[in-house]
Amino acid sequence: MALQVLGISLSMLGLAGTILICALPMWRVTAFIGTNIVVAQVFWEGLWLNCVYERTGQMQCKMYDALLDLDPDLQAARGLVAVAMALACLAFVIFLMGAECTNCLSQPRAKARIVVASGVTFVLAGVTAMAPVSWTAHSIIRDFHNPMLHDVLKREMGAAIYVGWVTAGLLVVGGGVLCSSCPPPRAHYSTRYTQATPATHTSYAIKNYV
């Protein structure tokens, strides 16, 4: 029971983190390098919108007009993050069917197998969440060290990238803990037979006349 509580708690934190990185517009932020140290505006780019933060304290956000406005890595990140959230939600539903605190099933071995299946699904969700975050980070680092790209166009990794790595780790670790909930061993019953002593003719005769 304690392992299941620990595993589902870590996995739920991972699911919350996945929803957070999907909503945060901080996948890419303005890089302050070279002479671009003091700027009037800071640009944030997310999966669904981009924001401009001005030195006056005002911030304006705008949804992307079209899917093609996004870079290929962010386009793929949209789909993969959505898939990761769907897998995590599915894993939670599967867990509820086999958790020890629910009465959906009565057989302990069947419930343990369902919990293991939910753990595998959480691990898949973590791997799916890790892929877009790592891909976007690689793209940002590659462009940052590209000498052909102007300093104004270079970006740094935002908070959503780091939250995404932690989120993927929580999903993988939580799923791994749930996978350790092995089914209980089957009970083996040993049948012992006692050899019957055959009745002799003498004893049979005595019983008849007593």
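Per chain, residues are indexed from 1 in the order of the written sequence. Local features in a predicted model are, by the rule used here, given only for residues with pLDDT of at least 70; side-chain atom pairs are given and counted only at 80 or more, and totals for whole chains, interfaces and linings are based on all residues. The side-chain numbers reported here are obtained from all heavy atoms of the structure, hydrogens and water having been left aside.

### Section: helix α1 (residues 2–23)
Item 1. The first and last C-alpha atoms of α1 sit 32 Å apart over 22 residues, in line with the 32 Å expected at 1.5 Å per residue.
Item 2. Any residue under 20% of the maximum accessible area for its type is buried, any over 50% is exposed, and the rest in between are partly exposed; the area is computed with a 1.4 Å probe on protein chains only. Helix and strand assignments follow DSSP, with helices taken as H or I runs no shorter than four residues and strands as E runs no shorter than two, numbered in order from the N terminus. For α1, the complete set of buried residues consists of Gln4, Gly7, Ile8, Leu10, Ser11, Gly14, Leu15, Gly17, Thr18, Ile21 and Cys22.
Item 3. Note on contacts: a residue pair is in contact if any heavy atoms of the two residues lie within 4.5 Å. In this structure, the buried residues of α1 make contact with α2 (72–98), α3 (108–144) and α4 (159–179). Multiplying one less than the number of residues by 1.5 Å gives the expected span of a helix.

### A word on the packing of α3 against α4
Item 1. The angle between two axes is taken between their N-to-C directions and runs from 0 to 180 degrees, where each axis is a line fitted to C-alpha atoms and a helix contributes only its stretch in contact. As a packed pair, α3 and α4 sit with axes 7 Å apart at the nearest point and diverge in direction by 160 degrees. Taken as axis vectors, α3 and α4 run roughly antiparallel relative to one another. Of the two possible hands of crossing, α3 and α4 adopt the one that is left-handed.
Item 2. The residue inventory of the contact of α3 with α4, partitioned by class, reads 18 nonpolar, eight polar and no charged. For this classification, under 35 degrees means roughly parallel, over 145 means roughly antiparallel, 65 to 115 means roughly perpendicular, and everything else is oblique. Handedness of a crossing follows from how the near helix is turned relative to the far one, being left-handed for an anticlockwise turn of less than a right angle and right-handed for a clockwise one. Note on residue classes: Ala, Val, Leu, Ile, Met, Phe, Trp, Tyr, Cys and Pro are nonpolar, Asp, Glu, Lys and Arg are charged, and everything else, Gly too, is polar.

### Here we look at the state of the cysteines
Item 1. Any two cysteine sulfur atoms within 2.5 Å of one another count as a disulfide. Per the counting criterion, the structure on display carries one disulfide.
Item 2. Two residues share a disulfide in this structure: cysteine 51 and cysteine 61, whose sulfurs sit 2.0 Å from each other. Around the S-S axis, the bridge from cysteine 51 to cysteine 61 shows a dihedral of about 105 degrees and counts as right-handed. On the criterion of sequence distance, the pair formed by cysteine 51 in strand β3 (residues 49–54) and cysteine 61 in strand β4 (residues 59–63) is long-range, its members being ten residues apart.

### Focus on the sheet that holds strand β5 (residues 155–157)
Item 1. Strands qualify as paired when DSSP identifies two bridges or more between them. With antiparallel pairing, five strands are arranged side by side in an open sheet as β4-β3-β2-β1-β5. Whereas interior strands pair on both sides, the edge strands pair on one side only; in this sheet they are β4 and β5. Sheet twist, expressed as the mean angle between neighbouring strand axes with direction ignored, is 25 degrees.
Item 2. Of the strands in this sheet, β1 (28–30) and β5 touch α3, which is tilted by about 140 degrees from β5.

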